[in-house]
Amino acid sequence: MSSSLDKLYLSIIMEKIIFILYMAMNYRKMGLATLAGQTTGASKKGINAGHYFFLKLPNSQVEIDLPVMSTIAAGEKDEGVEPDIYIKPNPKDISKGLDTEIEFMKNYITSQSK
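How each quantity is defined
- Each chain carries its own residue numbering, running from 1 in the written order of its sequence.
- Restriction of local features to residues with pLDDT of at least 70 applies here, the model being predicted, together with a cutoff of 80 or more for giving and counting side-chain atom pairs; totals for whole chains, interfaces and linings are based on all residues.
- Water and hydrogen atoms play no part in the side-chain values, which are based on all heavy atoms of the structure.
- Only strands that DSSP links by at least two bridges are regarded as paired with each other.
- Only DSSP runs of H or I with at least four residues qualify as helices, and only runs of E with at least two residues qualify as strands; both kinds are numbered from the N terminus onward.
- Only the six-membered ring of Trp is used, alongside the rings of Phe and Tyr, when aromatic pairs are assigned; centres must lie within 6.5 Å, and planes under 30 degrees apart are stacked while those over 60 apart are edge-to-face, with the rest tilted.
- Only one rule defines a salt bridge in this text: a Lys or Arg side-chain nitrogen within 4 Å of an Asp or Glu carboxyl oxygen.
- Only protein chains enter the accessibility calculation, which uses a 1.4 Å probe. A residue is then buried if its area is under 20% of the maximum for its type, exposed if over 50%, and partly exposed in between.

**Here we look at the pairing of strand β4 (residues 52-56)**
Okay, so step 1: In this sheet, strand β5 (residues 63-67) lies alongside β4 in antiparallel orientation, the contact comprising five bridges. Bridge pairing links Y52 to P67 in β5.
Okay, so step 2: Between β4 and β5, which pair antiparallel in sequence order, lie six residues; one of them, Q61, sits at a positive phi of approximately 65 degrees.

Quick look at the structure:
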């Protein structure tokens, strides 16, 4: 009989970090982990990460990042990966230096293993 201690949980966050998106997509597709946290910020439809032209305007010195190449995934929606367990961020926890997701998952795993 498997317990929650035999399972893998992947904490996902809303940041627009493509690694988090791909890891969440692949773990879900392969059934490797339960996803917990918030919807990922990057889009399943495609990315342009790493393929930028950096233009610095001469008078204002403002830098503009212009995407010059992208990867588009046919048939995917322009949305992030939804978690299996949604954990709402808590500003009070942040102000206390607590990680809402980690605290929730510690309690969740403990309750599931009883």
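**As for the packing of aromatic side chains**
Okay, so step 1: Applying the stated rule across the entire model yields two aromatic pairs.
Okay, so step 2: Taken together, the aromatic side chains of Y9, F104 and Y108 make up a single cluster linked through ring pairs.

**Some points on the pattern of salt bridges**
Okay, so step 1: This model, assessed by the stated rule, comprises two salt bridges.
Okay, so step 2: A salt bridge links E103 to K106; the nearest nitrogen and oxygen atoms lie 3.3 Å apart. With E103 and K106 both in helix α3 (residues 100-112) and three residues apart, this pair spans about one turn of that helix.
Okay, so step 3: With a relative accessible area of 31%, E103 lands in the partly exposed category.

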